[in-house]
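Summary of structural features
The residues making up each chain are set out below.
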Amino acid sequence: MDVDSSSPSKYITLVSSDGFEFVVMRKAAFISPAIKSMLDPKSQFQEARTGRCVFEEINGIVLEKVVEYFHYWYKYQDKEDVPDMEIPVELCLELLTAADYLGLDSKERLLPSR
Amino acid sequence: MSEEPTLPPTVAWDSETQTFTNTRKRTRDRAAASPLFFNSSDPAIFSSDDDPHVDNYSQGRHRKKRYVGSWFQQHLASSDSTFGEVARPRPKAKRTFKRQFDSGVWMGSDSSVDLNLEDEMSPEVEVPAEPKLPLLRHARPAAVVSTKEEIVRQKIQSAIDEGNEDVDLSSLGMTSIQNATISQLSEFSCIPLVAEDVPFEQKDPSLKLYLYDNPLLRAPGALFNLDYLTVLSLRNTKITELPPGIGNLRNLQSLNLSLNRLRYLPAELLDLTKYPGKLEHLSIHPNPFYQPRSLPQLPEIIEDPTESQEDGTFALIHESTCSDGSLNRFWISTDNELPGTMEHLSIDATEFPAWRATVLGRSPVQYNDSRGAVLSKFQLPREERTGSESPVSDRNITIELEDLASLAGPARPNRDQTSSNSEQSRVFSLFELALQSCSRTGQLRELPSYLPSHAPPHFARVLDRVAEQSEENANLGDVPCSVCKRRVMMPTAQWIEWWDLSVSVMSEKGPLKARLPLSSHQDERAVPFLRRGCSWKCVPKPMKFGQWLPGLVKWTREHPDEMV
């Protein structure tokens with residue numbers, strides 16, 4: 001998984017607490033300021049070097065939905081007509097927590113790009 | 001081939017004796033037939049015999065199950081494929097089977113005791129150790145109906161029973177009315193007139209609801225689901241905010257909001273003034289409305305029927321000629337962006353209220369994130385909902401104005417460099433999407449108790465706010481975006497617009513009544529309306545001072561001698 005720091009890979013890997021791995025486009029995942037700072041090449045986090053983030057708090061089912069959101073956002077970010085993304089009711093509180101943790105609350109676009 | 005059943009022996013016709021030979025009656029297989037049913041038809045099998053286990057279809061006497069008690073107390077003797085888990089038997093008091101000799105009923109068990117019955121009725125009792133679901137940390141508040149509420153319910157019920165369209169709930173001292181009480185009215189229907197020589201017709205009710213002189217802290221949200229409401233009076237209550245659901249009341253003709261604590265009105269109320277709306281009487285003063293700072297001198301409201309309307313913001317929808325030869329023209333104000341959407345409208349009503357709403361000013365936009373935290377430098381004054389009796393200060397709050405013509409886009413709080421392409425997107429944040437999902441559970445009030453103990457404190461606050469929104473509007477808690485009409489739980493942009501409103505009644509021949517402003521007082525002409533945007537792309541469009549609200553009818557008259 002080691003990536004050359006000069007040209008970071010287009011994809012990153014997100015790992016859930018129960019060991020599921022999701023390979024996501026770097027651009028899409030960077031909507032989350034938390035992930036963005038984890039993978040900041042200037043920081044010396046291990047995640048930045050390996051391109052692999054492990055979330056001990058998020059299980060596979062929730063992380064799958066989060067990853068789905070990343071792609072949903074990436075696909076429709078410039079569109080005028082955005083379809084709704086379905087979120088199952090039973091996941092609502094866990095996703096609320098995950099969204100808060102990852103900073104996905106529409107403030108993200110304000111943060112200065114480091 | 002051995003599986004095939006053997007054919008009956010051939011029958012031959014004996015012409016001499018005029019009989020069939022070999023007509024020996026085949027004996028029934030006594031072993032296969034049940035001894036109990038040999039003289040009867042087969043045992044009936046019903047779909048209600050809901051235990052399709054093969055044992056039940058075995059030979060022998062078909063034992064019908066005897067159920068005692070309600071269905072949910074039943075458990076099946078044999079495992080059923082449709083029920084995965086073993087149903088636990090409920091603890092059941094053992095009944096002693098005692099004959100009541102004076103009952104006068106002959107019981108089949110008088111002579112013989114059915115042992116099977118006894119067996120089935122006394123299963124091994126196993127009390128479940130603990131309930132499966134986690135207990136709520138705080139108990140759900142029981143729906144207590146106060147005596148006052150009971151009076152209101154009785155009044156509503158009697159109005160429904162009598163078909164009385166005037167529901168007078170005024171001066172009852174109610175501080176709150178439950179949504180369940182008001183929503184009874186949605187089943188109101190008129191009692192049709194049944195008489196000879198009168199055609200039966202179903203009339204839509206036109207409900208009139210009077211709630212004035214009640215110290216209500218907020219309008220019950222179920223009000224805004226009553227489609228047939230034509231008159232609503234909330235005069236002299238203590239409500240601080242009118243929910244956007246008011247825009248649903250398309251049949252409203254008269255709305256009284258005087259003497260309240262309203263700081264602003266929902267922008268959805270403006271929708272009711274559009275043609276062909278029915279709203280004719282609107283009383284909104286006095287209220288401690290937000291005042292615009294430094295408003296320019298307001299022009300006098302004069303009906304100038306001669307002014308030309310060729311500038312493109314108005315579309316001609318009707319023309320008629322008067323007896324004196326002058327030409328009546330009706331125009332409808334349009335959105336600059338969407339010309340032609342009003343084409344299908346025409347003046348057909350003989351009499352209709354004609355509103356005039358012109359924009360006077362706009363506040364800067366308050367931006368916040370989906371958690372409700374304000375991010376922009378400008379903040380709308382926040383008023384916490386005060387307790388029941390604490391008086392709200394009646395002082396005027398003034399709000400700064402922003403240039404109407406400016407595009408309210410890049411008013412970001414911190415002037416950092418942001419990538420310009422991703423900052424404005426219509427995609428809801430995941431937090432917002434999760435909130436929408438939360439509201440679909442229908443248990444917004446209970447959700448905070450399911451949160452883990454280490455959850456951030458603002459979660460409960462956000463969920464409470466959404467729950468409140470849901471009760472105010474009697475819906476899922478989502479509010480419409482003023483720009484794109486998408487439903488959103490947490491609007492991320494909010495601003496206030498001041499409009500000048502006046503109304504007259506128009507007919508095809510011209511105005512029937514003089515144009516009437518909502519208040520004769522000059523200071524009260526600017527009425528604040530709160531608008532909400534679902535994303536940071538739904539922000540106010542540039543407007544001109546005095547620009548008309550789209551969808552309003554304007555009337556002009558031209559004399560033929562003036563026309564060149």
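Residues numbered from 1 in each chain as written. Chains lettered and ligands numbered in written order. Predicted model: local features only at pLDDT ≥ 70, side-chain atom pairs only at ≥ 80, totals over all residues. Heavy atoms only, no water.

For the rest of this paragraph, the subject is the overall build of chain A. Along its length, chain A carries five helices and three strands. Out of the 114 residues in chain A, the part that is buried amounts to 48%. Contacts spanning at least 24 positions in sequence make up 60% of the contacts within chain A whose residues lie at least 6 apart. Of the roughly 6,000 Å² of accessible surface on chain A, a fraction of 53% belongs to carbon and sulfur atoms. (Helix = DSSP H or I, 4+ residues; strand = E, 2+ residues; numbered from the N terminus. Buried < 20%, exposed > 50% of the residue type's maximum accessible area, 1.4 Å probe, protein only. Contact = heavy atoms within 4.5 Å. Areas by Shrake-Rupley, 256 points an atom, 1.4 Å probe, with all protein chains shown as cover.)

Turning next to the overall build of chain B. Along the backbone of chain B there are seven helices and 21 strands. Of the contacts formed within chain B by residues at least 6 apart in sequence, a portion of 69% connects residues at least 24 apart. With the model as given, the accessible surface of chain B reaches about 32,900 Å², and the carbon-plus-sulfur share is 52%.

The next point concerns the packing of aromatic side chains. Residue and element names in this part refer to chain A. This model, assessed by the stated rule, comprises eight aromatic pairs over all chains. Considering the side-chain rings of Phe-55 and Tyr-101, the 6.4 Å spacing of their centres and the 85 degrees angle between planes classify their relative orientation as edge-to-face. Of this pair, Phe-55 sits in the loop between strand E3 (52-54) and helix H4 (60-76) while Tyr-101 sits in helix H5 (residues 92-102), placing them 46 residues apart in sequence. Overall, Phe-55 belongs to the buried group, its relative accessible area being 1%. (Phe/Tyr/Trp six-rings, centres within 6.5 Å; stacked < 30°, edge-to-face > 60°.)

Glancing now at the packing of H4(A) against H5(A). Between two packed helices, both the angle of their axes relative to each other and the distance between the axes serve to describe the pair. Residue and element names in this part refer to chain A. Taken N-terminus to C-terminus, the directions of H4 and H5 make an angle of 60 degrees; their axes are 10 Å apart at the nearest point. Put simply, H4 runs oblique to H5. Between H4 and H5 the crossing geometry is right-handed. Residues Val-62, Lys-65 and Val-66 of H4 pack against Glu-94, Leu-95, Ala-98 and Leu-102 of H5. Classifying every residue of the contact of H4 with H5 gives five nonpolar, no polar and two charged. (Axes fitted to C-alpha atoms, helices over the stretch in contact; angles between N-to-C directions. Parallel < 35°, antiparallel > 145°, perpendicular 65-115°, else oblique. Left-handed = near helix turned anticlockwise from the far one by under 90°. Nonpolar A, V, L, I, M, F, W, Y, C, P; charged D, E, K, R; others polar.)

Most of H5(A) sits inside the fold, with eight of its eleven residues counted as buried. In this fold, the buried residues of H5(A) make contact with helix H2 (33-38) and H4 of chain A together with helix H5 (430-440), helix H6 (447-450) and helix H7 (457-473) of chain B. Following H5(A) by one or two positions, A:Gly103 has its phi on the positive side, about 75 degrees.

Here we take up helix H2 (residues 147-162) of chain B. All names here are of chain B. For H2, with 16 residues, the first-to-last C-alpha span of 22 Å sits near the 22 Å given by 1.5 Å per residue. Taken together, the buried positions of H2 are occupied by Glu-149, Val-152, Ile-156, Ala-159 and Ile-160. Buried residues of H2, seen end-on, are gathered within an arc of 100 degrees and therefore sit on one face of the element. Those residues of H2 that are exposed and angled more than 90 degrees off the buried face are Thr-147, Gln-154, Asp-161 and Glu-162. Lining the buried residues of H2 we find strand E3 (166-168) and helix H3 (179-182). Following H2 by one or two positions, Gly-163 has its phi on the positive side, about 70 degrees. (Expected span 1.5 Å × (residues − 1). Arc of directions from axis to C-beta.)

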